[in-house]
Amino acid sequence: MNTILGGLGIPRKRQVFYSFHYANDAFRVQQIRNMGAIEGNAPCSPSAWETVKRQGSAAIERWIDENMRNRSCVIVLVGRETAFRPWVRYEICKAWDEKKALFGIYIHNLRCPREGACIAGPNPFASIGLNNGQMLATYVPCYDPGPDAYNVIRANMDTWIERAIATKRQ
């Protein structure tokens with residue numbers, strides 16, 4: 001997302017954190033990263049992620065916390081199994097608790113070189129309850145870009161990020 005830095009007319013990209021199911025959706029997520037609409041959150045290599053995972057839950061939590069720090073927005077990239085992943089759930093709850101901008105995008109229609117498109121998974125925000133009795137999905141949008149997912153995501157990512165930042169809870 002390009003914004004104007006300090007009114008100087010210098011475009012700046014938003015810093016975001018992507019939350020997703022690594023094993024199933026890494027190829028789809030890479031397509032979104034390559035769109036160039038956002039900055040930061042460089043991909044973690046498979047070997048680096050395996051190293052973090054071998055160190056246990058506390059190390060994974062520290063890695064997430066460090067990588068989510070100073071991000072404008074958390075974007076959950078929703079594939080077939082994303083809603084069932086415990087670390088995705090942790091990232092969603094952390095973003096909500098820290099009052100970060102938050103939204104989801106269904107990515108099942110992005111083509112993976114191994115699997116092609118896949119079926120849509122459930123909305124991960126629909127399974128997280130809040131203290132007021134509502135589900136998080138009541139407050140957090142999850143966009144479905146449809147069959148032309150790549151072009152729709154590319155055309156709308158800036159708008160979705162800015163909308164999430166403008167409407168985040170205070």
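Residues numbered from 1 in each chain as written. Predicted model: local features only at pLDDT ≥ 70, side-chain atom pairs only at ≥ 80, totals over all residues. Heavy atoms only, no water.

Visitor: Explain the overall build of the chain residue by residue, including any values.
Guide: Summing up its helical and strand segments, the chain has five helices and six strands in all. The helix and strand sequence of the chain, counted from the amino end, reads β-β-β-α-α-α-β-α-β-β-α. When the accessible area of the chain is evaluated, it comes to approximately 8700 Å², of which 51% is carbon and sulfur surface. (Helix = DSSP H or I, 4+ residues; strand = E, 2+ residues; numbered from the N terminus. Areas by Shrake-Rupley, 256 points an atom, 1.4 Å probe, with all protein chains shown as cover.)

Visitor: An account of the state of the cysteines is needed here, citing residue identities and associated values.
Guide: Counted according to the given criterion, the structure contains zero disulfides. Looking at the unpaired C118, the closest cysteine sulfur is the one in C112, lying at 8.4 Å. (Disulfide = S-S within 2.5 Å.)

Visitor: An account of the sheet that holds strand β5 (residues 101-106) is needed here, citing residue identities and associated values.
Guide: Strands sit in the order β3-β4-β5-β6 across an open sheet of four strands; the sheet is parallel. Each edge of the open sheet is held by one strand with a lone partner, namely β3 (16-19) and β6 (142-143). Contacts between helix α5 (residues 149-167) and the sheet are confined to β3, β4 (73-78), β5 and β6, with β5 contributing the most and set at about 155° to the helix. (Pairing = 2+ DSSP bridges. Contact = heavy atoms within 4.5 Å. Axes fitted to C-alpha atoms, helices over the stretch in contact; angles between N-to-C directions.)

Visitor: Just give me the short version of the nonpolar core, but keep the residues and values in it.
Guide: Core analysis: the largest hydrophobic core is formed by 22 residues, its most contacted members being I32, I75, L77, F103, I105, I153 and M157. Of all elements in the fold, only β3, α1 (22-33), β4, β5 and α5 reach the threshold of two or more residues within this core. (Core = buried A, V, L, I, M, F, W, Y, C linked by side-chain atoms within 4.5 Å. Buried < 20%, exposed > 50% of the residue type's maximum accessible area, 1.4 Å probe, protein only.)

Visitor: Give a detailed account of the side chain of E91, specifying residues and quantitative values.
Guide: Relative to the helices and strands, E91 is located in helix α4 (residues 86-97). Buried E91, no salt bridge; nearest opposite-charge side chain is R33, N-O distance 9.5 Å. If we ignore the near neighbours within four places in the chain, the residues touching E91 are F17, S19, F20, I64 and M68. (Lys, Arg positive; Asp, Glu negative; His and termini not counted. Salt bridge = Lys/Arg side-chain N within 4 Å of Asp/Glu carboxyl O.)

Visitor: Quick one: what's the story with the confidence of the model for the chain, residue by residue and with numbers?
Guide: Residues of the chain with pLDDT of at least 70 account for 86%, and the chain-wide mean is 87. Between residues 1-6, whose pLDDT stays under 50, and residues either more than four places distant or in other chains, the model counts 21 contacts. (pLDDT = per-residue confidence, 0-100.)

Visitor: So what about the packing of helix α3 (residues 57-68) against α4? Which residues, and what values?
Guide: For any two helices packed against each other, the geometry is given by the interaxial angle and the distance between the axes. Relative orientation of the contacting elements α3 and α4 amounts to 45°, with a least axis distance of 11 Å. Compared by their axis directions, α3 and α4 come out oblique. Here α3 runs over α4; the crossing is right-handed. Packed against α3, whose contacting residues are S57, I60, E61, I64, D65 and M68, the element α4 presents W87, Y90, E91, K94 and A95 at the interface. Considered class by class, the residues forming the contact of α3 with α4 number six nonpolar, one polar and four charged. (Parallel < 35°, antiparallel > 145°, perpendicular 65-115°, else oblique. Left-handed = near helix turned anticlockwise from the far one by under 90°. Nonpolar A, V, L, I, M, F, W, Y, C, P; charged D, E, K, R; others polar.)

Visitor: I'd like a rundown of α5, residues and numbers included.
Guide: The axis of α5 is deflected most strongly, by about 50°, at N156. Among all positions of α5, only A149, I153, M157, W160, I161, A164 and I165 are buried. Buried residues along α5 sit in contact with β3, α1, β4, β5 and β6. (Bend = angle between axes of the 7 residues up to and from the residue.)

Visitor: Tell me about unusual backbone geometry, and name the residues and values.
Guide: One non-glycine residue, N70, lies in the positive phi region at around 65°. Tracing the chain through its elements places N70 in the loop between α3 and β4. Positive phi values are uncommon outside glycine, yet K99 reaches one of about 60°. The residue K99 is located in the loop between α4 and β5 in this model. Residue classification places K99 among the partly exposed positions, given a relative accessible area of 35%.

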